[in-house]
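Here's the letter readout for the chains.
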Amino acid sequence: MLIGVLLVITWLILLLRYPAKALPVSLAAFIGLGLVAAWVLWQENRETRQVERLELRITYAPEHCPADRPLLLNMNNGNDVPLTELHWRIAAYAPGDTINLADTPYTAPRYRGPGELQAGASWQDCLPLPPLRPGYRPQTLEFRAERLQGSFSN
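Residues numbered from 1 in each chain as written. Predicted model: local features only at pLDDT ≥ 70, side-chain atom pairs only at ≥ 80, totals over all residues. Heavy atoms only, no water.

- The protein is annotated in an unreviewed UniProt entry as Multidrug transporter of Pseudomonas viciae.

In C-alpha cells, the structure reads:
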C-alpha cells in the first residue's frame, strides 16, 4: 500500500514538473490499463453468459439415489464449448418462499460438477443433502443450485 502511494505521488510530481514528457507516457499507460480492463470485463461477461446457459435441475429423489445422497442432479451443457470445471452451492426453499432453509456451515458439503462435460451433453448424479434448518423435511422443499462458478475450454 505504501509503495502504491509513493508511486502515485511520484507520478504526480513528474506530471506537474515535466508535463511535456510525462503526459504522453501517462496517456499511453492509461490506454494500456483501459485495454486490459476492457478485456477482463469481456472475459468475465462471456463466462457469466456461458454459466447461464447451463441447465441444472435438482430434485429430492430417494427412490433413484442412495440414502446418503438423495438429491438427483440433471445437468445439460447448452454451450458450444466444453465445460471443464463447475462449483456451486445448494439452496433449499419452501414452495413460494424466498428464505434459504439450507444451513451453510463450514462443514457443509461442497458440490462439484463433472470433470469435463462436452457441448450439448448431459450429466446425472446423486448429491448429498445440505444441512437443513431444524423442523423442515427435504421432501417438502425445492432445491436450487446457486453461486455457480464455472470455467469452459476455448
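What follows picks up the thread again.
1. A short note on the overall build of the protein
Part 1: Along the backbone of the protein there are 2 helices and 6 strands.
Part 2: Its helices and strands taken in sequence order, the protein reads α-α-β-β-β-β-β-β from the N to the C terminus.
Part 3: For the protein, the C-alpha radius of gyration of 24 Å lies well beyond 15 Å, the compact-globule estimate for 154 residues.
Part 4: Projected onto the principal axes, the alpha-carbon positions of the protein cover approximately 75 × 40 × 25 Å.
Part 5: In the protein, which comprises 154 residues, the proportion classed as buried is 29%.
Part 6: For the protein, contacts bridging at least 24 residues in sequence account for 68% of all contacts bridging at least 6. (Helix = DSSP H or I, 4+ residues; strand = E, 2+ residues; numbered from the N terminus. Rg over C-alpha atoms; globule rule 2.2 N^0.38 Å. Buried < 20%, exposed > 50% of the residue type's maximum accessible area, 1.4 Å probe, protein only. Contact = heavy atoms within 4.5 Å.)

2. Quick notes on the pattern of salt bridges
If charged atoms from side chains of opposite charge come close, those side chains can pair.
Part 1: For the structure on display, the rule yields 4 salt bridges.
Part 2: Of the charged contacts in the structure, one is a salt bridge between Glu55 and Arg57, with a shortest N-O distance of 2.3 Å.
Part 3: On the basis of relative accessibility, which here comes to 37%, the residue Glu55 falls in the partly exposed class.
Part 4: Between Arg112 and Glu85 there is a salt bridge; the shortest N-O distance is 3.6 Å. Separated by 27 residues along the polypeptide, Arg112 in strand S4 (residues 111-112) and Glu85 in strand S3 (residues 83-93) bring together distant segments of the chain. (Salt bridge = Lys/Arg side-chain N within 4 Å of Asp/Glu carboxyl O.)

3. Let's talk about the side chain of Asn100
Part 1: Looking at where Asn100 falls in the secondary structure, it is placed in the loop between S3 and S4.
Part 2: A distance of 3.0 Å separates a polar side-chain atom of Asn100 from the backbone nitrogen of Ala102.
Part 3: Excluding residues that lie within four positions of it along the chain, Asn100 makes contacts with Arg89, Ala91, Ala92, Tyr93, Arg133 and Glu146. (Polar contact = N/O pair within 3.5 Å; in protein donor to acceptor, adjacent residues only side chain to side chain.)

4. Thoughts on the UniProt feature "transmembrane region" (unreviewed entry) in the protein
Part 1: On the UniProt side, "transmembrane region" (unreviewed entry) is annotated at positions that read residues 27-43 here.
Part 2: What you have in residues 27-43 is 100% helix and 0% strand, and the ends, taken at the C-alpha atoms, are 24 Å apart. (UniProt positions renumbered as here; feature names shortened; annotations may be inferred.)

5. Considerations on the state of the cysteines
Part 1: Under the criterion given, the structure shown has 1 disulfide.
Part 2: A sulfur-sulfur separation of 2.1 Å characterises the disulfide bridge that pairs Cys65 with Cys126. Linking Cys65 and Cys126, the disulfide has an S-S dihedral of approximately -75° and is accordingly described as left-handed. Taken as a pair, Cys65 in the loop between strand S1 (54-60) and strand S2 (71-77) and Cys126 in strand S5 (residues 122-127) lie far apart in primary sequence, 61 residues in all. In terms of burial, Cys65 and Cys126 fall into one category: buried. (Disulfide = S-S within 2.5 Å.)

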